[in-house]
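# Coordinate inspection notes
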Amino acid sequence: MAERIANFCPICGESTIQAERFGRLRPVCPACGHVVFFDPKVAVVAFVLREGCVLLIQRSSDVSGAGKWALPGGYVEADEDPREAIQREMLEETGLHVEIGPVLDVFYGSTEGGTITIAYTAHVRDGVLTPGDDAAAVGWFAPDALPELVFLSTETLVARWITGNPLYE
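Here's a quick rundown of the structure.

Basis of the calculations
- Residues numbered from 1 in each chain as written.
- Predicted model: local features only at pLDDT ≥ 70, side-chain atom pairs only at ≥ 80, totals over all residues.
- Heavy atoms only, no water.
- Helix = DSSP H or I, 4+ residues; strand = E, 2+ residues; numbered from the N terminus.
- Buried < 20%, exposed > 50% of the residue type's maximum accessible area, 1.4 Å probe, protein only.
- Contact = heavy atoms within 4.5 Å.
- Areas by Shrake-Rupley, 256 points an atom, 1.4 Å probe, with all protein chains shown as cover.
- Lys, Arg positive; Asp, Glu negative; His and termini not counted.
- Charge placed at Lys NZ, Arg CZ, Asp CG, Glu CD.
- Phe/Tyr/Trp six-rings, centres within 6.5 Å; stacked < 30°, edge-to-face > 60°.
- Salt bridge = Lys/Arg side-chain N within 4 Å of Asp/Glu carboxyl O.

### Some thoughts on the overall build of the protein
The helix and strand inventory of the protein stands at 2 helices and 9 strands. Each helix (α) and strand (β) of the protein, taken in turn from the N terminus, gives the series β-β-β-β-β-β-α-β-β-β-α. Taken along its principal axes, the extent of the C-alpha atoms in the protein is 60 × 30 × 30 Å. When burial is assessed residue by residue, the protein has 40% of its 169 residues classed as buried. Restricting the contact set of the protein to residue pairs at least 6 apart, pairs at least 24 apart contribute 58%. Surface accessibility of the protein: about 9,400 Å² in total, with carbon and sulfur atoms responsible for 52%. In the protein, which carries 12 positive and 24 negative side-chain charges, the distance between the mean positions of the two groups comes to 5 Å.

### Focus: the packing of aromatic side chains
Aromatic rings in a pair are described by how distant their centres are and how their planes are angled relative to each other. One pass over the full model with this rule turns up 3 aromatic pairs. Aromatic pair F22 and F37: ring centres 5.7 Å apart, planes at 45 degrees, arrangement tilted. Remark: F37 occurs in the loop between β2 (24–28) and β3 (41–50) and F22 occurs in the loop between β1 (17–21) and β2; sequence separation between them is 15 residues. Residues W69 and F141 carry aromatic rings whose centres are separated by 4.9 Å and whose planes lie at 70 degrees to one another, so their mutual orientation is edge-to-face.

### Let's talk about unusual backbone geometry
Positive phi is not limited to glycine here, since D133 has a value of about 55 degrees. Note that D133 resides in the loop between β8 (115–127) and β9 (135–141). Even without being a glycine, F151 presents a positive backbone phi close to 85 degrees. For F151, the position within the fold is in the loop between β9 and α2 (152–162).

### A look at the pattern of salt bridges
This model, assessed by the stated rule, comprises 6 salt bridges. We note a salt bridge from K68 to E148, for which the minimum N-O separation is 3.6 Å. Of this pair, K68 sits in the loop between β4 (53–59) and β5 (69–70) while E148 sits in the loop between β9 and α2, and the two are 80 residues apart along the sequence. On the accessibility criterion, K68 (30% relative accessible area) is partly exposed. Under the relative-accessibility criterion, E148 is labelled exposed at 52%. Here R88 ties to E80 by a salt bridge, and the two come within 2.7 Å at their closest N and O atoms. Residue classification places E80 among the buried residues on the basis of a relative accessible area of 16%. A cluster of three or more residues bridged by salt bridges with shared partners is formed by E80, R88, E89 and E92.

Honestly, that's just the spatial picture; any functional story needs more than this.
Printed below as a string of structure tokens:
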């Protein structure tokens, strides 16, 4: 996991020290006693099928995984329900309105401080397929014509789909 630091207390501004709290070393403020906890980011992705093809976005040049392809998705805002977040991300990245189905899986990635990714099934309701936000391109791909993929959630779910996992029916 990428190292995370907190040199100063977010409450009073005092320099923190490393001290054992709740079973591990954490930044602790010697002045006010505040303990800094590093929370993971929460992301969502949608697995959308149409006529035997999966919907993927090509990552734009200014984001991680640039040029490679992934399931549409993104980060959940602090005040946002994950189901609303994936609907928002789908519209921003693909121009499509979707109906969210069941959770397929939950993934943990230890890079960049930790990310928990919730993967949902989704079905297109309407919209015009158009790349937007951090998507350079968007398209439907058959199992035998997949582009270079990025991210654990995308690679895992696409591999399961190709092997006939019944969750995607």
